[in-house]
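Summary of the model geometry
Take a look at the letters that make up each chain.
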Amino acid sequence: IQLVESTMKTKTSAPIVVFTSVVNGENGCYKLSHQLKNQLALKSEFFCGSQPKEFETDDFSKYQEQVHYAFMNNEIDVLVATKAFGMGIDKPNVRYIIHNGIPASLESYYQEAGRAGRNRKKSYCCIIFSNENDEYNEQLLDPSLDFEKFSELYQAFKNSMTHDDLSTLFYFH
């Protein structure tokens, strides 16, 4: 939220896109969008492929269309989205991409970061990530670790590990 706030102070009329890997939960696009709206009084919306648990509507696809239209017509300051948003979006004035968490792959990062700077003007992309359990993550990333040891290590830490970005990424893989 602080990064978006400082970016909003320096930007012109360029929208910010914040990518997050999940729809629901603390780091989900739905909750983050509402935090930005409530704490910074920004025009913030969310876009995802599936309807968030807390979002009540009879026609989620209509909401998605409205958000897409508003984004393309510069009616949104910050769009918080999952990877469901972005493919095929060619909006020239996007200057800022913020990844709230580590993207699932280099290809995902490349695709999502590529939403900014379409008009060849200077743009910025950053990744905000957490590494709260660095000792555990270092063990998992050890290149000499075989699959059996990896599985044992993962199971041993599964219940006790903090949910930092790298651990979450391992979970999805």
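Here we come to the overall build of the protein. Looking only at helices and strands, one finds seven helices and five strands in the protein. Ordering the α and β elements of the protein from the N terminus gives α-β-α-β-α-β-β-α-β-α-α-α. In the protein, once contacts between residues fewer than 6 apart in sequence are set aside, the share between residues at least 24 apart is 64%. Within the structure as shown, the protein displays about 10600 Å² of accessible surface, and the carbon and sulfur contribution to it stands at 50%.

Below, the discussion takes up the sheet that holds strand β5 (residues 124-128). Pairing is parallel across the open sheet formed by five strands, whose spatial order is β2-β3-β1-β4-β5. Of all the strands in the sheet, the pair left with one neighbour each is β2 (44-47) and β5. Taking the axes of each pair of neighbouring strands and ignoring which way they run, one obtains an average angle of 20° across the sheet. For strand β1 (residues 16-20) and strand β3 (residues 78-81), the ladder comprises four bridges, and the chain directions are parallel. Paired with phenylalanine 19 across the strands is alanine 81, a residue of β3. With respect to the sheet, helix α3 (residues 60-72) is in contact with β1, β2 and β3, its orientation differing from that of β2 by roughly 125°.

Below, the discussion takes up the pattern of salt bridges. Summed over the entire model, instances satisfying the criterion amount to two salt bridges. Lysine 31 is the partner of glutamate 26 in a salt bridge, and the nearest nitrogen-oxygen pair spans 2.9 Å. Close ionic contact of lysine 37 with glutamate 45 constitutes a salt bridge, the shortest N to O distance being 3.4 Å. A relative accessible area of 29% places lysine 37 in the partly exposed class.

Looking now at the environment of valine 18. Here valine 18 lies in strand β1. We classify valine 18 as buried; its relative accessible area is 4%. Separated by 108 residues in sequence, valine 18 and cysteine 126 have C-alpha atoms that sit 9.6 Å apart.

The subject of this paragraph is a negative patch on the surface. A cluster of like negative charges, contributed by Asp134, Glu135, Glu138 and Asp142, occupies part of the molecular surface. Given a relative accessible area of 57%, glutamate 135 falls into the exposed group.

Let us now look at the packing of aromatic side chains. Tallied over the entire structure, the rule returns eight aromatic pairs. Ring centres of phenylalanine 46 and phenylalanine 55 lie 5.2 Å apart, and the angle between their planes is 85°; on these two criteria the pair is classed as edge-to-face. Note on phenylalanine 46: relative accessible area 1%, which makes it buried. The interplanar angle of 15° and the centroid separation of 5.6 Å between the aromatic rings of tyrosine 96 and tyrosine 124 together place this pair among those described as stacked. Residue tyrosine 96 is located in strand β4 (residues 96-100), and its partner tyrosine 124 is located in strand β5; the two are separated by 28 residues in the primary sequence. Given a relative accessible area of 42%, tyrosine 124 falls into the partly exposed group. A connected cluster of aromatic rings, assembled from ring pairs, spans Tyr30, Phe46, Phe55, Phe60 and Tyr63. When the ring centre of phenylalanine 71 is taken as origin, the NZ or CZ atom of lysine 91, which lies over that ring, is 5.4 Å away.

What counts and how
Along each chain, residues carry numbers from 1 onward, in the same order as the chain's sequence is written. The model is predicted, so local features are restricted to residues of pLDDT at least 70 and side-chain atom pairs to those at 80 or more, both for listing and for counting; the totals for chains, interfaces and linings are taken over all residues. For side-chain calculations, the full set of non-hydrogen atoms in the structure is used, while hydrogens and water are omitted. The helix and strand labels rest on DSSP assignments: H or I over at least four residues marks a helix, E over at least two residues marks a strand, and numbering proceeds from the N terminus. By the convention used here, residues are in contact when the closest approach between their heavy atoms is within 4.5 Å. Working definition of accessibility: Shrake-Rupley area with a 1.4 Å probe, residue cover restricted to the visible protein chains. At least two bridges found by DSSP between two strands is the condition for calling them paired. To obtain an axis, a line is fitted to C-alpha atoms, over the contacting stretch when the element is a helix, and the angle between two such axes runs from 0 to 180 degrees between their N-to-C directions. Salt bridges are counted wherever a side-chain nitrogen of Lys or Arg sits within 4 Å of a carboxyl oxygen of Asp or Glu. Accessibility here uses a 1.4 Å probe with only protein chains present; expressed as a share of the type maximum, an area under 20% marks a residue as buried, one over 50% as exposed, and anything in between as partly exposed. Patch membership requires over 30% relative accessible area and the absence of a salt bridge. Like charges are linked within 9 Å, and nonpolar side chains (Val, Leu, Ile, Met, Phe, Trp, Tyr) within 5 Å. In this tally Asp and Glu are treated as negative and Lys and Arg as positive; neither His nor the chain ends contributes. Where a charge lies is defined by one atom per residue type, namely NZ (Lys), CZ (Arg), CG (Asp) and CD (Glu). Each Phe, Tyr or Trp ring, with Trp reduced to its six-membered ring, pairs with another whose centre is within 6.5 Å; inter-plane angles below 30 degrees give stacked pairs, above 60 give edge-to-face pairs, and intermediate values give tilted ones. Criterion for a charge above a ring: Lys NZ or Arg CZ within 6 Å of the ring centre, and within 35 degrees of the ring normal.

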